[in-house]
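Listed below, chain by chain, are the residues.
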There are 2 protein chains.
Amino acid sequence: MAELVFVGLGLNDEKGITLKGLEETQSADDVFMETYTSRMPDFSIERFETLCGRKIQMLTRSNLEEENGKLILQAAKGGKTVFLVPGDPFIATTHITLRIDAEKQGIPTRIVHGISIMSAIISLSGLHNYKFGKTVTVPFSDNSSETPYNVISQNQKIGLHTLCLLDLRQTENRYLSIKDALWQLLDVEKKKQQNVITAGTPVVGVARAGSSDPALRAGFVKDVVNFDFGEPPFSLIIPGNLHFMEIDALLAFAGAPLEFRSLVR
Amino acid sequence: MAELVFVGLGLNDEKGITLKGLEETQSADDVFMETYTSRMPDFSIERFETLCGRKIQMLTRSNLEEENGKLILQAAKGGKTVFLVPGDPFIATTHITLRIDAEKQGIPTRIVHGISIMSAIISLSGLHNYKFGKTVTVPFSDNSSETPYNVISQNQKIGLHTLCLLDLRQTENRYLSIKDALWQLLDVEKKKQQNVITAGTPVVGVARAGSSDPALRAGFVKDVVNFDFGEPPFSLIIPGNLHFMEIDALLAFAGAPLEFRSLVR
């Protein structure tokens, strides 16, 4: 029976998938997978193929998005097809078009959710999920933009936290560091002078969210900019108004300095 | 070795957990679980105990939060203790205090993430994750408040989508319906007249996100208010500015009327 099931692989390694996701994979006629929309540092395709007892067809970014889509739709017309995607299948927007195309061609689609990196970062931080505003990606400095600064400013004005994902080019093994992201933001501050991000702004740096070895550091920009977070990938949270319970969490989990106590709003 | 591992159960049933989460549970000295912070409609404790080969100690809301915490910390001092929580352990704020207490008492903590309901709703909708602003819960009408209206208004002003979680009291089997939530918002509109939510406002209703049988309906308030979503739980998205790809997704997955095409911003 024609069917396309999008299955989230979750984070980090082959054990990030849910039992439901594994079952769907085991019972599929065809299984495709991509690992180019997100990084799964400890994932082994061999171990995963053993786990699910299936041969996986790997898709690369070098295949055009369109060609990958055609391959998958062709298979899905003939039987149950699983498409494995890092994180959650639709938290990144890349595969929404494929799902629309499938539905337009009369192929029923289903989703088996996976853990998204955004959800993991927020959960790790101890900050309250419902208090996050718009999310933004900080690009590499050669594509530097004022957008992240403006989004942070907009969120700050209404007291909300900003999750900043830091750019990465996995194939080139390039990852924007927390230090470089902060310097970019400070550069925009120098120009715009809106007091959005200065040496004394509280921030939270996060490395390797979702792995077995995450790192978290809360502090003022002047200190966090010099903190060694170790291996990538990285992200950054610029808090808005902080509740005392959020500050307690930053003190307990993220090495925040005691001065954070005075930030309660 | 003293250790407290928070493990997310994910959504819906006992197969919402990740392979990593299952492994941690299997290798724990003590296993606790709560199901009062979120609903897992098809979860069977018997099937889950068989799956992980372990006896689970269920905690109820009727135990005081504090007593539950004491039980868990006591166990964690003596060996590896797993605390199973619906969804992701820290997307709801309930258990952050327990983690802080553990760290203060020198008990190392770790997190094995689970899929959160918020992540599942956003992923299902086809709307772009980074364009969501602050999240809000719509209470039952006996606790009716202007807060949801104000949060939607604030997000709308800067073009962002609002995720509205609809209140539930699981023990009483009471769930706020999409219809009632919309009527509450329309009542506030009548009073405040800010044109935030009217009969012609586009909205997306979602039922049973994360289950094998989710329902999604996009349309104008006047139509969605009468749509039969079936079984709970429910949520509601009030879109901000819509990208044409988001509209395509709402047309393909959520039965949006063709008039939605004219909403492109």
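Enquirer: Tell me about the sheet that holds strand S7 (residues 162-166) of chain A, and please be specific about residues and values.
Expert: Hydrogen bonding along the main chain pairs the strands of a sheet, whether they run parallel or antiparallel. All names here are of chain A. In space, the 5 strands of this open sheet follow the order S6-S7-S12-S10-S11, with mixed pairing throughout. At either end of the open sheet lies a strand with only one pairing partner, and these are strand S6 (136-138) and strand S11 (215-220). Here the average twist between neighbouring strands, direction ignored, is 25°. As paired strands, S6 and S7 are joined by 3 bridges and run parallel to one another. Within S7, the residue paired with Val 136 across the bridge is Cys 164. Against the sheet, helix H5 (residues 117-125) engages S7, strand S10 (202-207), S11 and strand S12 (234-238), with an angle of about 125° to S7.

Enquirer: Could you give me a rundown of the packing of helix H3 (residues 65-78) of chain A against helix H4 (residues 96-104) of chain A, with the residues and numbers involved?
Expert: All names here are of chain A. In contact at an axis separation of 11 Å, H3 and H4 are set at 40° when each is read in the N-to-C sense. One way to sum up the angle between H3 and H4 is to call them oblique. As for the relative orientation of H3 and H4, their crossing is right-handed in sense. Here Gly 69, Ile 72 and Leu 73 of H3 come into contact with H4, specifically with Leu 98, Asp 101 and Ala 102. For the contact of H3 with H4, the class distribution of residues is 4 nonpolar, 1 polar and 1 charged.

Enquirer: So, the packing of aromatic side chains: which residues are in play, and what are the values?
Expert: All chains considered together, the criterion is met by 10 aromatic pairs over all chains. Three or more aromatic residues joined by ring pairs make a cluster, and in this case those are Phe 6, Phe 83 and Phe 90 of chain A. Stacked on the ring of Phe 253 of chain A, the Lys or Arg Arg 99 of chain B has its end atom at 3.7 Å from the ring centre.

Enquirer: So what about the nonpolar core? Which residues, and what values?
Expert: The biggest cluster of nonpolar side chains holds 89 residues, and the ones touching the most others in it are Leu 4, Phe 83 and Leu 250 of chain A together with Leu 4, Phe 83 and Leu 250 of chain B. The dominant element in this core, judged by the number of residues it contributes, is helix H9 (residues 244-253) of chain A, at 6 residues. Look past the residues within four positions of Leu 4 of chain A in its chain and what remains in contact with it is Ile 72, Leu 73, Ala 76, Thr 81, Phe 83, Leu 98, Ala 102, Ile 107, Pro 108, Thr 109 and Arg 110 of chain A.

Enquirer: Explain the pairing of strand S10 (residues 202-207) of chain B residue by residue, including any values.
Expert: All names here are of chain B. Of all 6 residues making up S10, 6 are buried, and the element is well covered by its neighbours. Residue alternation in S10 divides its side chains into two sets, Pro 202, Val 204 and Val 206 and Val 203, Gly 205 and Ala 207, and both sets are buried. Pairing of S10 with strand S11 (residues 215-220), which is carried by 6 bridges, proceeds in the antiparallel orientation. Note on S11: the bridge partner recorded for Val 203 is Gly 219. Alignment of S10 against strand S12 (residues 234-238), held across 4 bridges, turns out to be antiparallel. Across the sheet, Ala 207 pairs through a bridge with Phe 234, a residue of S12.

Enquirer: With reference to specific residues and values, describe the interface of chain A and chain B.
Expert: If you look at the interface, chain A gives 47 residues, while chain B gives 47 residues. Together, the buried faces of chain A and chain B total about 4,300 Å²; carbon and sulfur atoms form 68% of this surface. There are 2 salt bridges connecting chain A and chain B. Ionic pairing is found between Glu 23 of chain A and Lys 15 of chain B, a salt bridge with its closest N-O pair at 2.8 Å. In this structure, the connection of chain A to chain B is made through 12 residue pairs in polar contact (both at pLDDT 80 or more). For the side of chain A that touches chain B, the secondary structure elements donating two or more residues are helix H1 (19-26), H4, H5 and H9 of chain A. Among the elements that take part in the side of chain A that touches chain B, H5 of chain A stands out by supplying 6 residues, more than any other. Split by residue class, the side of chain A that touches chain B holds 22 nonpolar, 16 polar and 9 charged.

What counts, and at which threshold
- Residues numbered from 1 in each chain as written.
- Chains lettered and ligands numbered in written order.
- Predicted model: local features only at pLDDT ≥ 70, side-chain atom pairs only at ≥ 80, totals over all residues.
- Heavy atoms only, no water.
- Pairing = 2+ DSSP bridges.
- Helix = DSSP H or I, 4+ residues; strand = E, 2+ residues; numbered from the N terminus.
- Axes fitted to C-alpha atoms, helices over the stretch in contact; angles between N-to-C directions.
- Contact = heavy atoms within 4.5 Å.
- Parallel < 35°, antiparallel > 145°, perpendicular 65-115°, else oblique.
- Left-handed = near helix turned anticlockwise from the far one by under 90°.
- Nonpolar A, V, L, I, M, F, W, Y, C, P; charged D, E, K, R; others polar.
- Phe/Tyr/Trp six-rings, centres within 6.5 Å; stacked < 30°, edge-to-face > 60°.
- Lys NZ or Arg CZ within 6 Å of the ring centre and 35° of its normal.
- Core = buried A, V, L, I, M, F, W, Y, C linked by side-chain atoms within 4.5 Å.
- Buried < 20%, exposed > 50% of the residue type's maximum accessible area, 1.4 Å probe, protein only.
- Buried area = accessible area lost by both parts, 1.4 Å probe.
- Salt bridge = Lys/Arg side-chain N within 4 Å of Asp/Glu carboxyl O.
- Polar contact = N/O pair within 3.5 Å; in protein donor to acceptor, adjacent residues only side chain to side chain.

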